[in-house]
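Structural description and commentary
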Amino acid sequence: MIIGVPKEIKNNENRVGMTPAGVTAFKKNGHEVWIETNAGSGSGFTDEEYQNAGAKIVGTAEEAWSAKMVIKVKEPVAEEYQNFREGQILYTYLHLAPEPELTKALIDNKVTAIAYETIQLENRTLPLLTPMSEVAGRMSIQIGAQFLENPKGGRGVLLGGVPGVAPGNVVIIGGGIVGTNAAKMAIGLGANVTILDVNMERLRQLDDQFGGRLKTLASNPFNIADAVKDADLLVGAVLIPGARAPQLVTEAMVKTMQPGAVIVDVAIDQGGSIETVDHITTHSDPTYIKHGVVHYSVANMPGAVARTSTMALTNVTIPYGVQIANKGYKQAALDNKALAKGINVVDGQVTYQAVAEAHGYEYVEIEKNLTEAVAVL
Ligand SMILES: NC(=O)C1=CN([C@@H]2O[C@H](COP(=O)(O)OP(=O)(O)OC[C@H]3O[C@@H](n4cnc5c(N)ncnc54)[C@H](O)[C@@H]3O)[C@@H](O)[C@H]2O)C=CC1
Ligand SMILES: CC(=O)C(=O)O
């Protein structure tokens, strides 16, 4: 199979869907890899390194997109939709629940759209989301700490405090991968950390992991309102896989925060979990102020630490990608149930329930689609 890797064109997206090590893995399995020239430059990989690993360098995005399987990092932006073709396999982050136009373009063009973020193991973990959530969770605290500084519009709170002055309050809503990594960093800085989740088992694990260095709270409107009003830094880290993020922090709650407090809504890629986070921001213009509070809502946070992120991402995406290339997506998905859960759109049908519900499309079970497809073959 020919695998194409276009250069990412989203604002400050420096990651790339394939490393030279990934090229070696595909080549070893008898596939061809076409990399758009300079696709790896933001992550420190040169065309020459890809060529040495056996890739062909192509001069344009169109050539990379003409491959049977296209491997990317971010959900395509509008100017990339023209590259969609019937039967093309698109393997990337998609976050379709808050993206009606992208969903429609994939349906209309009968693209086979496999979303990294919904590939799910039997234990319900999301192996292709985890590394980027680790990155974004860790970044959320260093970014929040930066925007708490006065020159950046913040209220001038040093998260760790100093002897004689209390540390800052960090409130994290969602105690999964992002939340846990945010907590690790915030505790490392010496902040007061509170974490809220609806999953009591998760809160038990966090309590065991961090002991007395972390306060855990059941996530409900009362506890959220109480915690948010004292937060110097509020991190949105909830997820219901594949679905639009639940909006848990209301505008009225944000109004109770101190002027210059900071919100980092990591869950923005699934539509955001805070009512006043009403648009996606970019690395080049990352914040806006609402009700005196600094809001940060960048949907591709790991793109700013691209060398680390590209390697962490491709460590987990390439093995599934090789399965798809070796067997075709149908057989690969029949053999690997985790991979089957990644298929969001195929043959013009929506095969991920939360995405179908978000946009009012009929939901077709992927198992049905795959078994029918195999019966026809
Ligand atoms: N902005 C960015 O650049 C990035 C965004 N993300 C996003 O961050 C979000 C979180 O991802 P992960 O931590 O990997 O997910 P996860 O599945 O590991 O954790 C989500 C947590 O939210 C909890 N939760 C669900 N409903 C809740 C509620 N009502 N109140 C409190 N907690 C609730 C779940 O119980 C779970 O513990 C996702 O939307 C993910 O796509 C991840 C990486 C980069
Ligand atoms: C998870 C995601 O969308 C990202 O890493 O950009």
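All figures in this text were calculated on a predicted structure; none of them were measured in a lab. (Residues numbered from 1 in each chain as written. Chains lettered and ligands numbered in written order. Predicted model: local features only at pLDDT ≥ 70, side-chain atom pairs only at ≥ 80, totals over all residues. Heavy atoms only, no water.)

1. Points about the UniProt feature "active site" (unreviewed entry) in the chain
The cut-off we apply is this: UniProt positions are given in the numbering used here, feature names are shortened, and annotations may be inferred rather than shown by experiment. Starting at the N terminus, helices and strands are each numbered in turn, a helix being any DSSP run of H or I of at least four residues and a strand any DSSP run of E of at least two. We call a residue buried when its accessible area falls under 20% of the maximum for its residue type, exposed when it is over 50%, and partly exposed in between, using a 1.4 Å probe and counting protein chains only. Whether two residues touch is decided by their heavy atoms; if any such pair falls within 4.5 Å, the residues are in contact. The term polar contact refers here to a pair of N or O atoms within 3.5 Å; inside protein, the definition further demands a hydrogen-donor-capable atom paired with an acceptor-capable atom, and it admits residues adjacent in sequence only when both atoms are side-chain atoms.
As annotated in UniProt, the feature "active site" (unreviewed entry) corresponds to His95 and Asp269 in the numbering used here. These annotated residues cover 175 residues of sequence, but their C-alpha atoms sit close together, with the largest distance between any two at 6.5 Å. Among the structural elements, His95 can be located in the loop between strand E5 (89-92) and helix H4 (100-108). Given a relative accessible area of 4%, His95 falls into the buried group. If near-sequence neighbours (up to four positions away) are discounted, His95 is found in contact with Lys74, Glu75, Glu117, Asp269 and Gln270. Setting aside its immediate chain neighbours within four residues, Asp269 contacts His95, Pro98 and Ala299. A distance of 3.3 Å separates a polar atom in the side chain of Asp269 from a polar atom in the side chain of His95.

2. Re the site of ligand 1
Using the following cut-off: The near set for a molecule or strand comprises every residue that places at least one heavy atom within 4 Å of it. Only the protein chains shown count as cover for residues, and the accessible areas themselves come from Shrake-Rupley with a 1.4 Å probe. Note on residue categories: nonpolar means Ala, Val, Leu, Ile, Met, Phe, Trp, Tyr, Cys or Pro, charged means Asp, Glu, Lys or Arg, and polar means any other residue, Gly included.
The immediate surroundings of ligand 1 are formed by 30 residues, with Ser133, Asp197, Ser219, Asp269 and Met301 found nearest. Contacts to ligand 1 include Val266, whose backbone N or O atom sits 3.0 Å from a nitrogen atom. The separation between an oxygen atom of ligand 1 and a polar main-chain atom of Ala299 is 3.2 Å. Here ligand 1, which alone exposes 870 Å², has 89% of that area covered by the protein. When contributions to the shell around ligand 1 are tallied by element, the ones reaching two or more residues are helix H5 (130-147), helix H6 (177-189) and strand E8 (192-197). In the shell around ligand 1, the residues fall into 19 nonpolar, nine polar and two charged.

3. Looking at the domain arrangement of the chain
Filter applied, for reference: A domain assignment, automatic or from a database, supplies the domain bounds used here. Buried area: the sum, over both parts, of the accessible surface (1.4 Å probe) that disappears when the two are put together.
Domain annotation of the chain identifies domain 1 (2-110 + 306-376) and domain 2 (130-299). Taking the mean C-alpha position of each, domain 1 and domain 2 sit 31 Å from one another. Taken together, the 15 residues of domain 1 in the interface contact 14 residues of domain 2. Taken together, the two surfaces of domain 1 and domain 2 that pack against each other cover about 1,200 Å², and 62% of this comes from carbon and sulfur. For the domain 1 face of the interface with domain 2, the top three residues by lost area are Asn11, His95 and Pro98, together amounting to 33%. For the pair domain 1 and domain 2, the number of links is four residue pairs in polar contact (both at pLDDT 80 or more). Of all elements in the fold, only helix H10 (306-335) and helix H12 (353-359) reach the threshold of two or more residues within the side of domain 1 that touches domain 2. For the side of domain 1 that touches domain 2, a count of residues per class yields nine nonpolar, four polar and two charged.

4. Description of the site of ligand 2
What surrounds ligand 2 is the set Arg15, Lys74, Tyr93, His95, Leu129, Met132, Asp269, Ala299, Asn300 and Pro302. At 2.6 Å from an oxygen atom of ligand 2 is found a side-chain nitrogen or oxygen belonging to Lys74. Note that an oxygen atom of ligand 2 is positioned 2.6 Å from one of the side-chain N or O atoms of His95. With the chains in place, 95% of the 220 Å² that ligand 2 exposes on its own is no longer accessible. Here the residues of the shell around ligand 2 sort into five nonpolar, two polar and three charged. Inspection of the shell around ligand 2 shows a minimum of three residues originating in each of domain 1 (2-110 + 306-376) and domain 2 (130-299).

5. A closer look at the confidence of the model for the chain
Cut-off, in case you're wondering: The quantity known as pLDDT measures the predictor's confidence residue by residue, on a range of 0 to 100.
Residues with a pLDDT of 70 or more make up 99% of the chain, whose mean pLDDT is 97. Interface scoring of the predicted complex returns ipTM 0.99; its pTM is 0.96.

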